[in-house]
Amino acid sequence: MKNIKNKLKKAKRIVVKIGTNTLSTKDGKMALSRIYGFIEDIAELKNQGKEVIIVTSGAVGFGAKKLNISKPETIETKQACAAIGQAKLMHFYEDAFDKFNITVAQVLLTEDDFDYRNRYLSLKSALNELLSFNVIPIINQNDTVSVYKSKQTLKSSFGDNDKLSSLVMSGLSADVLVILTDVDGLYDDDPRENKDAKLIHVIEEITPEIEALGFDASNGGRGGMKTKIEAAQVATHSGGYAVIANGSLPNIVKRVFSDEEIGTTFLPSTNLNEKRRWIAYATSLSGALVINEGALSALKKNASLLPIGIIDVKNDFEKDDVVTILLENGEEVARGMVNYSSEDCKKLIGKHSDEIEKLIGHKNYDAIITRDNIIMT
């Protein structure tokens, strides 16, 4: 554990995700002393020369409190609450950090900012530029508009701020993702039901057994431990650490980067390159290609996906969209960025590459997905 703590202390770029229940009191008001504690700790990290990015929840909850709504029941009410609460939330952060002479910037994101690669790269550039000016980006999902998507997808890139924080961490190649929540970390059983459940301090690998320890969110939140484990998986597959810790504990951010054994730390596993990280995690899945066993064998040998290996095409997608690659039984084996639209792919099912131009009138690639744009799952 000492070696792990030393690595955390040396982290240069840190993403801190603060959950709704961590920001709020039981009656839905801002937990002012607690939030000021986070801000003090983060200011101290900044004084140590570290770069910090905050992913915050709370807009919907604070807006609902302002409108005297116990729980928004419709999408439209939720949007209204988000619009009201976000202004209040950002004003608080700006005022609090200003006392430490720290400049902050509001960044509101939707899934489209990740789905389209040009927008994703533009977002990365903007965040890196803010960090170069010694600014703390304060990021939230734009709940006022994010329920609307410009295209239909089979699977969304994110639906909560746990996943959003991990995508930000991955996209910026941060060293550590700290997720502050209302529990001490990951337990070997649900501590709400089993008082003998034990806290797991270090996770070396996220196995199916670890994934099974995820449980639903508590009142007020949207994620739960399941989404936090998923976020940790993105972080560790991006070559970084992830820490889940109890945000209600005093000086928790400082303590995560001290010698104290606190929370649950997930260790880095693989380190995918930037483009493969985007394909694997950051974009929604627009459609699906169903492949045969021969194509699967070729993919396992780091080959491209050729049209002859495809047996079905699902959903509509365009060139350069990311799709899931499935076996006939529905099992996902890979994801990749396609060189041809779904309309073209349907005409190429089971065909040889030398037939592509004759069948669709043009030919940019021999492969439906080239090997550099495939990530095995």
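Residues numbered from 1 in each chain as written. Predicted model: local features only at pLDDT ≥ 70, side-chain atom pairs only at ≥ 80, totals over all residues. Heavy atoms only, no water.

Caption draft 1: Structural context of the sheet that holds strand E13 (residues 374-376). Here we have 5 strands laid out as an open sheet, ordered E10-E9-E11-E12-E13, and mixed in their pairing. With one partner strand each, in any of the chains shown, strand E10 (310-314) and E13 form the two edges of the open sheet. Here the strands of the sheet are splayed against their neighbours by 25° on average, with no regard to which way each runs. Together, strand E11 (322-326), strand E12 (332-337) and E13 form the strand contacts of helix H12 (residues 274-282), whose direction differs from that of E12 by roughly 120°. (Pairing = 2+ DSSP bridges. Helix = DSSP H or I, 4+ residues; strand = E, 2+ residues; numbered from the N terminus. Axes fitted to C-alpha atoms, helices over the stretch in contact; angles between N-to-C directions. Contact = heavy atoms within 4.5 Å.)

Caption draft 2: Fine view of the packing of helix H4 (residues 59-66) against helix H5 (residues 75-98). Where H4 meets H5, the closest approach of the two axes is 6 Å, and the angle between their N-to-C directions is 100°. Accordingly, the angle class assigned to the pair H4 and H5 is roughly perpendicular. Facing H4, whose interface residues are Ala59, Val60, Phe62, Gly63, Ala64 and Lys66, H5 presents Lys78, Cys81, Ala82, Ile84, Gly85, Gln86, Lys88 and Leu89. Considering only residue class, the contact of H4 with H5 consists of 8 nonpolar, 3 polar and 3 charged. (Parallel < 35°, antiparallel > 145°, perpendicular 65-115°, else oblique. Nonpolar A, V, L, I, M, F, W, Y, C, P; charged D, E, K, R; others polar.)

Caption draft 3: Highlighting unusual backbone geometry. Residue Ser173 is not a glycine yet carries a positive backbone phi of 50°. As for its position among the elements, Ser173 is in the loop between helix H8 (161-171) and strand E5 (176-181). With a phi angle near 70°, Asn302 is a residue other than glycine that sits in the positive phi range. Within the secondary structure layout, Asn302 lies in the loop between helix H13 (293-300) and E10. Judged by its relative accessible area of 43%, Asn302 is partly exposed. (Buried < 20%, exposed > 50% of the residue type's maximum accessible area, 1.4 Å probe, protein only.)

Caption draft 4: View of the environment of Val202. Position of Val202 relative to the elements: it lies in strand E6 (residues 202-203). Through-space distance from the C-alpha of Val202 to that of Glu261 is 9.6 Å; in sequence the pair is 59 residues apart. Excluding residues within four positions of it along the chain, Val202 makes contact with Met1, Ile4, Thr265 and Leu267.

Caption draft 5: Quick look at the pattern of salt bridges. Enumeration over the complete set of coordinates arrives at 15 salt bridges. Of the charged contacts, one joins Arg13 and Glu51 as a salt bridge, the two residues approaching to 2.7 Å between their closest N and O atoms. Of the two residues, Arg13 is situated in strand E1 (residues 13-18) and Glu51 in strand E2 (residues 51-56); the sequence distance between them amounts to 38 residues. As far as the burial class goes, Arg13 and Glu51 line up, both buried. (Salt bridge = Lys/Arg side-chain N within 4 Å of Asp/Glu carboxyl O.)

Caption draft 6: Structural detail: H13. Taken residue by residue, H13 has Ala295, Leu296 and Leu299 as its buried positions. Buried positions in H13, seen along its axis, are confined to an arc of 100° and lie on one side of it. Residues Glu293 and Lys300 are exposed on H13 and point more than 90 degrees away from its buried face. Residues of H13 that are buried in the fold lie against strand E9 (287-291), E11, E12 and E13. N-cap assignment for H13: the residue whose side-chain oxygen lies 3.2 Å from the backbone N of Gly294 is Asn292. (Arc of directions from axis to C-beta. Polar contact = N/O pair within 3.5 Å; in protein donor to acceptor, adjacent residues only side chain to side chain.)

Caption draft 7: Structural view of the sheet that holds E5. Here 8 strands make up an open sheet; going across it, the order is E3-E4-E2-E1-E5-E7-E8-E6 and the pairing mixed. In this open sheet, the two strands that pair with only one neighbour each are strand E3 (104-109) and E6. Two elements, E2 and strand E4 (residues 136-141), share 2 bridges in a ladder whose sense is parallel. Residue pairing in the sheet places Val55 in a bridge with Ile139 of E4.

Caption draft 8: View of the packing of aromatic side chains. For the coordinates displayed, the defined rule picks out 4 aromatic pairs. Here the aromatic rings of Phe114 and Tyr120 are separated by 6.0 Å at their centres, their planes lie at 50°, and the arrangement is tilted. For the pair formed by Phe114 and Tyr120, the shared burial category is buried. Measuring from ring centre to ring centre gives 6.3 Å for Tyr120 and Trp278, while their planes differ by 35°; the resulting arrangement is tilted. In this pair, Tyr120 sits in helix H7 (residues 117-132) while Trp278 sits in helix H12, placing the two residues 158 residues apart along the sequence. The pair Tyr120 / Trp278 is uniform in exposure class, with both members buried. Site record: aromatic cluster; members linked through ring pairs are Tyr36, Phe92 and Tyr93. We note Arg117 situated over the ring of Trp278; from NZ or CZ to the ring centre the distance is 5.1 Å. (Phe/Tyr/Trp six-rings, centres within 6.5 Å; stacked < 30°, edge-to-face > 60°. Lys NZ or Arg CZ within 6 Å of the ring centre and 35° of its normal.)

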